[in-house]
Amino acid sequence: MGRAKILADGTFELGMDQVTGSGAETFADYFFGKFHMQIKLNPTFAKSIVTAFYLSSKTEQHNEIDVEFLGDPGRNQYILSTNVFINGTGLREQQFAFWFDPSADFHNYTVIWSPKQIIWFIDGTPIRVFKKQNGTVTLPYPDNQSMKIQLSLWDGTAWTRQPVDWSQAPFKAWYRNYTAKACTLTGDATAISCPVNATSLLSKELRIDAQTKMADVQSKYMFYNYCDDQMKIFENTPLECAINSKIG
């Protein structure tokens, strides 16, 4: 039986059992844009199961921008994990508890990836910013490879170090109303072509009130920030940490 299917109302359903998970990706390769999806998670808490909506390139030294939902066994609830991979290296996670039940209904998840920054949103509220520039210093940033949108439902046992409870299988996740206002590479892959509705995104900045809302979400719901974990990962605080939490 197929584990991925399109329902009668156009909703895309991913399924997973003990044999395998499922996934999908766009035909198009994107180079900057605004990517939006409505997602609903498995209706019962699925320990160590990961539901993902992310951008990723198809190279060995890949770039990636993550929106991942994890059934966290330590918290016994779903969490949201955001991450950025640049030339094959991640370790830039920020993780959030939810202020609603993401399995009760569909919610809106959006990523804006521009030449200057990445912004993550939940239901229109920004929760994280990752910037390229700190004054005159250019920081590591995923702008050297095009990426596809990918969806997946997979076994996160290696992440959580706790086994999936397969008695609850099959697990499911639902995606709908995907939109992309995005730029693509030209046919010869030498230039970027942007539709009219995407060009304004390339210079988008968060207003002060939106930055204040983001700071409020982070103070209440963000429980892990790689910038605060330098003793475990980095010898020194990464340079981008000084600007990615700053208002103004």
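Residues numbered from 1 in each chain as written. Predicted model: local features only at pLDDT ≥ 70, side-chain atom pairs only at ≥ 80, totals over all residues. Heavy atoms only, no water.

- Per an unreviewed UniProt entry, the protein carries the name Xyloglucan endotransglucosylase/hydrolase and comes from Rhynchospora tenuis.
- Per UniProt, the comment on the protein under Function (unreviewed entry) is "Catalyzes xyloglucan endohydrolysis (XEH) and/or endotransglycosylation (XET). Cleaves and religates xyloglucan polymers, an essential constituent of the primary cell wall, and thereby participates in cell wall construction of growing tissues." (UniProt positions renumbered as here; feature names shortened; annotations may be inferred.)

## A closer look at the overall build of the protein
Okay, so step 1: Per the secondary structure count, the protein includes 4 helices and 17 strands.
Okay, so step 2: In terms of overall dimensions, the protein is globule-like: its C-alpha atoms have a radius of gyration of 18 Å, near the 18 Å expected for 248 residues.
Okay, so step 3: Once the C-alpha set of the protein is aligned to its principal axes, its extents read approximately 55 × 45 × 35 Å.
Okay, so step 4: Sorting the 248 residues of the protein into buried and exposed places 48% on the buried side.
Okay, so step 5: Of the roughly 12,100 Å² that the protein leaves accessible, carbon and sulfur atoms contribute 51%.
Okay, so step 6: Taking the 23 positively charged and 25 negatively charged side chains of the protein as two groups, their mean positions are separated by 5 Å. (Helix = DSSP H or I, 4+ residues; strand = E, 2+ residues; numbered from the N terminus. Rg over C-alpha atoms; globule rule 2.2 N^0.38 Å. Buried < 20%, exposed > 50% of the residue type's maximum accessible area, 1.4 Å probe, protein only. Areas by Shrake-Rupley, 256 points an atom, 1.4 Å probe, with all protein chains shown as cover. Lys, Arg positive; Asp, Glu negative; His and termini not counted. Charge placed at Lys NZ, Arg CZ, Asp CG, Glu CD.)

## So, the packing of aromatic side chains
Okay, so step 1: Taken as a whole and judged by the stated rule, the model has 13 aromatic pairs.
Okay, so step 2: An aromatic cluster is present here, built from F69, F98, W99, F100, Y109 and Y221 joined pairwise through their rings.
Okay, so step 3: Between K40 and the ring centre of W174, over which it is positioned, the NZ or CZ distance is 5.8 Å.
Okay, so step 4: Across from the ring centre of F223, 3.5 Å away, lies the NZ or CZ of R75, which sits over that ring. (Phe/Tyr/Trp six-rings, centres within 6.5 Å; stacked < 30°, edge-to-face > 60°. Lys NZ or Arg CZ within 6 Å of the ring centre and 35° of its normal.)

## Focus: the UniProt feature "active site" (unreviewed entry) in the protein
Okay, so step 1: Per the UniProt record, "active site" (unreviewed entry) is annotated on E64 and E68.
Okay, so step 2: Here E64 is in contact with Y54, L55, S56, N83, V84, F85 and M147, once residues within four sequence places are set aside.
Okay, so step 3: Reaching out from E64, the side chain makes a polar contact with the side chain of S56 at a distance of 3.4 Å.
Okay, so step 4: One can find E68 in strand β6 (residues 64-72).
Okay, so step 5: Apart from the residues lying within four places of it in its own chain, the contact partners of E68 are V50, T51, A52, I79, L80, S81, W154 and W159. (Contact = heavy atoms within 4.5 Å. Polar contact = N/O pair within 3.5 Å; in protein donor to acceptor, adjacent residues only side chain to side chain.)

## Re the state of the cysteines
Okay, so step 1: Following the criterion strictly, the structure yields 2 disulfides and no others.
Okay, so step 2: With a sulfur-sulfur separation of 2.1 Å, C183 is cross-linked through a disulfide to C194. The sign of the S-S torsion, about 105°, decides the handedness of the disulfide formed by C183 and C194: right-handed. Highlighted residues: C183 in strand β15 (residues 171-185) and C194 in the loop between β16 (192-193) and α2 (196-199), separated in sequence by 11 residues. (Disulfide = S-S within 2.5 Å.)

## With respect to the nonpolar core
Okay, so step 1: In terms of nonpolar packing, the biggest core is built from 47 residues, with F53, W113, I118, W120 and Y175 touching the most fellow members.
Okay, so step 2: If one sorts the elements of this core by residue count, strand β4 (residues 30-40) sits on top with 6 residues.
Okay, so step 3: Those residues in contact with Y175 that lie beyond four places of it in its chain are T11, F12, L14, M37, Q38, I39, T51, A52, F53, F106, L151 and S152.
Okay, so step 4: In this structure, I119, V129, L201 and L206 belong to the second largest nonpolar core, which totals 8 residues. (Core = buried A, V, L, I, M, F, W, Y, C linked by side-chain atoms within 4.5 Å.)

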